Amino acid sequence: MTTSVKTLAMEIGANKYIICGNGTLIYDLQKEKIIYDAFMEKEKVLEIIKICEENSIYYNVYTQNEVLTKTLNYNVLFYDKENSKKPIEKRTNINVVENIPKYIKENPNINILKMTICDSDKIIFSSIIKKLKMIPKIDILDIEHMSKKNIKFGSEDVPIEYFYTEITKENTNKWTAIEFLIKMLGIKKEEVIAIGDNINDKEMIENAGLGVAMGQSILEANKIGDVFVKDNNSDGVAEAINKYVNSK
């Protein structure tokens, strides 16, 4: 979300542009305005929600400023626990809403970046994905692996495991947003370095002049990337910047 990415940008001293929501928008930090967007159509979001609720499937709606959820579970449960470790200004804004369709209809100015669908059962998850793929003009991220996170309850680490996918407007990903930005700035794609670790980074890793895949990631496992660096717990991003930017 824009608010979350702006916080990270401030930490590293980035003050020009940020891309949010898997390429759904580009925000100009100096002018404090959106310069590109590919928000989901509300009718499509409501259609997806209807299918999820009819099949008792867990979902979240990511707006520009908050995550809408009916309950704290799966990915949102992880965010909620992480929030307890952060100062208020750096927390993910989670809004627990009993009736999300009603909330969306009553707030016409909401900008929806993406949706997330989660379930711990692979058969149920695969079944709902087949139904969602019947909806035109949306993109469903093809994620087949199970997400695994650890949440600390007291002194005990409790794992949560679930299958998930992300849904955006059709033809929307990180690379389409980068492509808009480099055209605006007059940069060649050969001059772009993209660093990523998940399947939603695939397009930008494949299209950038240099695609850098993080170690111990799904990209590395599938040999997607021009070069590979250490994982995020071993300063892999710093390794890429020092090796391919600062050294030049």
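These notes cover the structure that comes with them. Within every chain, residues take consecutive numbers counted from 1 along the sequence as written. Where local features are concerned, this predicted model is filtered to residues with pLDDT of at least 70; where side-chain atom pairs are given and counted, the filter is 80 or more; whole-chain, interface and lining totals use all residues. Remark: hydrogens and water are excluded; side-chain values derive from all non-hydrogen atoms of the structure.

Both faces of the sheet carry side chains from a regular strand, because those side chains alternate between them. The buried label applies to any residue whose accessible area, calculated with a 1.4 Å probe on protein chains only, is under 20% of its type's maximum; exposed applies above 50%, and partly exposed to all values in between. Put simply, DSSP marks the helices as runs of H or I at least four residues long and the strands as runs of E at least two long, and each gets a number from the N terminus on. Residues I18 and C20 line the buried face of strand 1 (residues 17-20), whereas the alternating positions Y17 and I19 sit on a face that is not buried. A loop of 4 residues connects strand 1 with strand 2 (residues 25-28), the two strands running antiparallel in sequence, and G21 in this loop sits at a positive phi of about 60 degrees. When DSSP finds two or more bridges between a pair of strands, those strands are recorded as paired.

Tracing the backbone through its elements, the reader meets Q64 in the loop between strand 4 (58-63) and strand 5 (67-69). Classification of Q64 by relative accessible area gives buried; the value is 13%. Other than its neighbours up to four places away in sequence, Q64 contacts M1, T2, T3, L25, I34, F39, N111 and L113. Any two residues having at least one pair of non-hydrogen atoms within 4.5 Å are treated as being in contact.

Generally speaking, soluble globular proteins have nonpolar side chains that are buried together. The criterion is simple. A nonpolar core is a set of buried Ala, Val, Leu, Ile, Met, Phe, Trp, Tyr and Cys residues joined through side-chain atoms within 4.5 Å. Grouped together as the largest cluster of nonpolar side chains are 26 residues, with contacts concentrated most on I48, V61, M115, I117, L132 and I167. Taken together, the elements giving at least two residues each to this core come down to helix 2 (42-54), strand 4, helix 4 (100-106), strand 7 (112-119), helix 5 (122-132), strand 8 (138-140) and strand 10 (156-169). No other element matches helix 2, which puts 5 residues into this core. Apart from residues lying up to four places away in sequence, M115 is in contact with M40, V45, I48, I49, Y59, N60, V61, T165, E166 and I167. Residues Y74, F78, I143 and I160 belong to the second largest nonpolar core, which totals 17 residues.

By definition here, a helix of n residues has an expected span of 1.5 Å times n minus one. Look at helix 6 (residues 174-185): 17 Å from first C-alpha to last across 12 residues, which is about the 16 Å you get at 1.5 Å a residue. Taken together, the buried positions of helix 6 are W175, A177, I178, L181 and I182. Taken end-on, helix 6 shows its buried residues confined to a sector of 155 degrees, consistent with a single buried face. Tucked inside the fold, the buried residues of helix 6 contact strand 1, strand 2, strand 3 (33-37) and helix 7 (202-207). Two N or O atoms count as a polar contact when they lie within 3.5 Å, although within protein this holds only if one can serve as hydrogen donor and the other as acceptor, and sequence-adjacent residues are included solely when both atoms are side-chain atoms. Where helix 6 begins, the capping side chain belongs to N173, and its oxygen is found 2.8 Å from the backbone nitrogen of W175. Count one or two residues on from helix 6 and you reach G186, which has phi positive near 70 degrees. Read the arc as the range of directions from the helix axis to the C-beta atoms.

Between 30 and 60 degrees the pair is tilted, below 30 it is stacked and above 60 it is edge-to-face, where a pair is any two Phe, Tyr or Trp rings, Trp via its six-membered ring, whose centres lie within 6.5 Å. In total, this model carries 6 aromatic pairs according to the counting rule given. Arranged with centres 5.3 Å apart and planes meeting at 75 degrees, the rings of Y58 and Y74 form a pair that is edge-to-face. Pair noted here: Y58 is in strand 4 and Y74 is in helix 3 (residues 74-83), with a separation of 16 residues, a long-range link. Across the pair, Y74 and Y58 agree in class, each one buried. A connected cluster of aromatic rings, assembled from ring pairs, spans Y58, Y74, Y162 and Y164. In this structure, K114 packs its charged tip against the face of Y62, placed 4.8 Å from the ring centre. Either the NZ atom of lysine or the CZ atom of arginine qualifies as a charge over a ring when it sits within 6 Å of the ring centre and within 35 degrees of the ring normal. Across from the ring centre of F78, 4.8 Å away, lies the NZ or CZ of K149, which sits over that ring.

In this section: the sheet that holds strand 3. The strands making up a sheet associate through hydrogen bonds between their backbones, and the pairing can be parallel or antiparallel. The strand order across the open sheet formed by 3 strands is 1-2-3, and the pairing between neighbours is antiparallel. Each edge of the sheet is formed by a strand with only one pairing partner; in this case those strands are strand 1 and strand 3. With direction set aside, neighbouring strand axes in the sheet form an average angle of 25 degrees. As paired elements, strand 2 and strand 3 share 4 bridges and run antiparallel to each other. If you follow I26 over to strand 3, its bridge partner there is Y36. Simply put, an axis is a line fit to the C-alpha atoms, just over the touching stretch for a helix, and the angle between two N-to-C directions goes from 0 to 180 degrees. The strands touched by helix 1 (residues 2-12) are strand 1 and strand 2; relative to strand 1, the strand with the most contacts, the crossing angle is about 140 degrees. Strands in contact with helix 6 are strand 1, strand 2 and strand 3; relative to strand 3, the strand with the most contacts, it is inclined by about 115 degrees.

Before going further, it helps to spend a moment on helix 3. Taken together, the buried positions of helix 3 are occupied by Y74, N75, V76, L77, F78 and N83. The elements touched by buried residues of helix 3 are strand 4, strand 5, strand 6 (94-96), strand 7, strand 9 (146-153) and strand 10.

As summarised here, the arrangement of the 3 strands in space is 11-12-13, forming an open sheet in which the pairing is parallel. Edge positions in the open sheet fall to strand 11 (193-196) and strand 13 (227-229), since each of these has one partner strand only. Recorded for the sheet is a direction-independent mean angle of 25 degrees between the axes of neighbouring strands. Here strand 11 pairs with strand 12 (residues 210-214) via 4 bridges, running parallel. Each residue of the ladder has a partner; that of G196, found in strand 12, is A213.

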